[in-house]
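Survey of secondary and tertiary structure
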Amino acid sequence: MSNTIAPQSLNRTRWLTLIGTIITQFALGSVYTWSLFNGQLSQKLDSPISQVAFTFGLLSLGLAVASSLAGKLQERFGVRYVAIGAGLLMAIGLSLTAQASNLFMLYLSAGVLVGLADGAGYLMTLSNCVKWFPERKGVISACAIGAYGLGSLGFKFICSYLLSIHSLGTTFIIWGVMAMVMIICGALMMKDAPKQQTQNSATATTIRDYTLAESMRLPQYWMLSLMFLTACMSGLYVIGVAKDIGEGLVHLSAQTAANAVTIIAIANLSGRLVLGVLSDKIARIRVISLAQIISLAGMSILLFTTMNETTFFISVACVAFSFGGTITVYPSLVSDFFGLNNLTKNYGVLYLGFGIGSVLGSLIASLFGGFTITFSLIMTLLVISLVMSLAIRLPNKGMELKQVYQHS
């Protein structure tokens, strides 16, 4: 009797976990509306917009750091309680942001606290959901990360409306409460994924599970890390300064250049859905190679052509499409290389590349001045990454051969 009920119960649990993850990811994606608040915060704190905008760089760094630690928290407390904690911390961070009276308090509340909350919930719930669906990892990643992207779009309208009828402080508090309620509701629908069965025979075709320490001793781990850092650096830098590129390099009006934000949002979401689904049809590392080629095409337009309005929008769309697709496919790609059971930890440390990439492009641009040097560096790293993605092999291939020789 129990044998017939168990599969049905497990199936219901995993679909509920998927729905809960989508709701949670939608709320967590709301942090990408941050640019809406820069102008008003600059006036309130009497500080330059560039210093206020640095809050988002800190938030991205906090997100990456918390993502790298989320695996340990999940092991100790379980996905549900960590996600609930993330929702509560996000509400606290945004409530404190509403009271911020100086830059330090803004950096601490919106940068550190909200970033840590977002990171604690984002990667852990995503990895847990992917583990529930080992047979369709790409589609599930696309659903979860697509919801994260849609969250930024949905909350853009919600927060814009709130700002039009409420004060800045009240908007932050309402946003925090809305996000907290959604994250907690989503968390209550989730359960920790069961451990995946691994095969130990010499002829096993399944990937064995590598611990974080074992993964980090393999060259493949660092190759994947560099590829991920490059994708994040190119995507986050170009997305962050797209409007400025349009005005400075293409000489578009501020209003026309601002349309790049909409183009980027559509391309980013398209990349997540198209490449996520494609990654279940062909080898995921080939999908990454394809994303790198598309990004290279976009960067080539930015570097080597005299752009007009059309080619400018095509170039930023290529970079955004590639970035969205890469961060969707990567969790499943990492599980292909190092197994599903330790995915949250293995991908967590690698995900630090997101935080480093978010500040590296801006740092290089401010140190050396202008777009050209930054674009040239990104282009060089993309070429290196493409060569790596074409050369890299699964770590267990060599081990399988050794085992075959040992057994013969």
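From a predicted model like this one, the values you see are computed outputs, not experimental measurements.

Looking only at helices and strands, the protein chain features 16 helices and 0 strands. Taken against the 2.2 N^0.38 rule, which gives 22 Å for 408 residues, the C-alpha radius of gyration of the protein chain at 21 Å falls within 12% of a compact globule. Principal-axis analysis of the C-alpha atoms gives the protein chain an extent of 70 × 50 × 30 Å. Relative to its full complement of 408 residues, the protein chain shows a buried share of 53%. Taking contacts inside the protein chain between residues at least 6 apart in sequence as the whole, the part at least 24 apart equals 84%. Element-wise, carbon and sulfur atoms account for 67% of the exposed surface of the protein chain, whose accessible area totals about 17600 Å². Counting 23 positive and 13 negative side-chain charges, the protein chain places the centres of these two groups 8 Å from one another.

Moving on, we come to the side chain of Ser42. Considering the arrangement of structural elements, one finds Ser42 in helix α2 (residues 38-45). You can call Ser42 buried: its relative accessible area is 11%. The residues contacting Ser42, other than those within four sequence positions of it, are Ser47, Pro48, Ile49 and Val52.

With 25 residues, helix α10 (residues 254-278) should reach 36 Å at 1.5 Å per residue; the first-to-last C-alpha distance of 36 Å fits that figure. Within α10, burial applies to Thr256, Ala257, Ala260, Ile264, Ala267, Asn268, Gly271, Arg272, Leu275 and Gly276. In the core, the buried residues of α10 are packed alongside α6 (137-165), α9 (219-248), α11 (284-304) and α12 (309-338).

We now examine the packing of α9 against α11. Relative to each other, α9 and α11 sit at 35°, their axes nearing to 12 Å. Crossing geometry of α9 relative to α11 is assigned as left-handed. Mapping the contact onto sequence places Leu224, Met227, Ser234, Val238 and Ile245 in α9 and Ile285, Ile288, Gln292, Ser295, Met299 and Leu302 in α11. Each residue belonging to the contact of α9 with α11 can be placed in one class, and the counts come to 8 nonpolar, 3 polar and no charged.

Another point: helix α4 (residues 79-99). An ideal rise of 1.5 Å per residue puts 30 Å on 21 residues; α4 measures up with 31 Å between its terminal C-alpha atoms. Regarding α4, the residues found buried are Val79, Val82, Ala83, Ile84, Ala86, Gly87, Met90, Ala91, Gly93, Leu94, Thr97 and Ala98.

This next bit is on the domain arrangement of the protein chain. Note: interface size is frequently given as the accessible area lost on complex formation between the parts. For the protein chain, the assigned domains read domain 1 (13-189) and domain 2 (212-391). The gap between the C-alpha centroids of domain 1 and domain 2 is 21 Å. Of the residues lining the interface, 34 residues belong to domain 1; the matching set on domain 2 comes to 30 residues. Together domain 1 and domain 2 conceal approximately 2500 Å² of surface at their shared face, both sides included; 68% is due to carbon and sulfur atoms. Contact with domain 2 buries area across many residues of domain 1, yet Lys131, Lys137 and Ile145 alone supply 20% of it, more than any other trio. There are 2 salt bridges connecting domain 1 and domain 2.

Applying the stated criterion to the full structure yields 23 aromatic pairs. Between Tyr122 and Tyr148, the ring centres sit 4.7 Å apart and the planes meet at 50°, which makes this aromatic pair tilted. A residue pair is termed long-range when its members are at least 10 positions apart, and Tyr122 in helix α5 (residues 103-132) and Tyr148 in helix α6 qualify at 26 residues. Across this residue pair, the class does not change: Tyr122 and Tyr148 are buried. An aromatic cluster is present here, built from Tyr32, Phe56, Tyr122, Tyr148, Phe228, Phe323, Tyr330, Tyr347, Tyr351 and Phe354 joined pairwise through their rings.

The next subject is the environment of Ala27. Of note, Ala27 is situated in helix α1 (residues 2-28). Beyond its immediate stretch of four places on either side in the chain, Ala27 contacts Met90, Phe155, Ala179, Met182 and Ile183.

Once that is clear, we can look at the confidence of the model for the protein chain. Considering every residue of the protein chain, the mean pLDDT works out to 85; 92% of them sit at 70 or more. Of the regions scoring below 50 in pLDDT, residues 199-205 engages in 8 contacts with residues more than four places distant in sequence or in other chains. Here residues 398-408 scores under 50 on pLDDT; set against residues more than four positions off or in separate chains, the count is 8 contacts.

Counting residues in hydrophobic clusters, the biggest one holds 103 residues, and the most contacted among them are Met90, Trp175, Leu224 and Tyr330. Sort the elements by how many residues they give to this core and α12 lands first, with 15 residues. Taken together, domain 1 (13-189) and domain 2 (212-391) each give at least three residues to this core, which thus spans both. Not counting residues within four places of it along the chain, the set of residues in contact with Leu224 comprises Ile285, Tyr330, Leu333, Phe337, Phe338, Leu350 and Ile392. In terms of nonpolar packing, the next biggest core, distinct from the first, is built from 8 residues, Val79, Val82, Ala83 and Met124 among them.

This paragraph deals with the side chain of Thr97. With respect to the helices, strands and loops of the structure, Thr97 is situated in helix α4. Given a relative accessible area of 0%, Thr97 falls into the buried group. Here the side chain of Thr97 touches Ser109 through a polar contact of 3.2 Å, side chain to side chain. The residues touching Thr97, leaving out its near neighbours within four places in the chain, are Trp34, Lys44, Leu106, Ser109, Ala110 and Phe172.

On to the pattern of salt bridges, then. Throughout the structure, instances matching the rule amount to 6 salt bridges. Notably, a salt bridge pairs Glu135 with Arg14, separated by 3.1 Å at the nearest N-O pair. Taken together, the positions of Glu135 in the loop between α5 and α6 and Arg14 in helix α1 put the pair 121 residues apart, joining distant regions of the chain. Taking the relative accessible area as the measure of exposure, Glu135 reaches 46% and is therefore partly exposed. Among the salt bridges present, the one from Arg136 reaches Glu135, with a minimum N-O distance of 3.4 Å. Several salt bridges share partner residues, and in doing so they unite Lys137, Asp280, Arg284 and Asp336 into one network.

Calculation notes
- Residues numbered from 1 in each chain as written.
- Predicted model: local features only at pLDDT ≥ 70, side-chain atom pairs only at ≥ 80, totals over all residues.
- Heavy atoms only, no water.
- Helix = DSSP H or I, 4+ residues; strand = E, 2+ residues; numbered from the N terminus.
- Rg over C-alpha atoms; globule rule 2.2 N^0.38 Å.
- Buried < 20%, exposed > 50% of the residue type's maximum accessible area, 1.4 Å probe, protein only.
- Contact = heavy atoms within 4.5 Å.
- Areas by Shrake-Rupley, 256 points an atom, 1.4 Å probe, with all protein chains shown as cover.
- Lys, Arg positive; Asp, Glu negative; His and termini not counted.
- Charge placed at Lys NZ, Arg CZ, Asp CG, Glu CD.
- Expected span 1.5 Å × (residues − 1).
- Axes fitted to C-alpha atoms, helices over the stretch in contact; angles between N-to-C directions.
- Left-handed = near helix turned anticlockwise from the far one by under 90°.
- Nonpolar A, V, L, I, M, F, W, Y, C, P; charged D, E, K, R; others polar.
- Domains from an automatic or database assignment.
- Buried area = accessible area lost by both parts, 1.4 Å probe.
- Salt bridge = Lys/Arg side-chain N within 4 Å of Asp/Glu carboxyl O.
- Phe/Tyr/Trp six-rings, centres within 6.5 Å; stacked < 30°, edge-to-face > 60°.
- pLDDT = per-residue confidence, 0-100.
- Core = buried A, V, L, I, M, F, W, Y, C linked by side-chain atoms within 4.5 Å.
- Polar contact = N/O pair within 3.5 Å; in protein donor to acceptor, adjacent residues only side chain to side chain.

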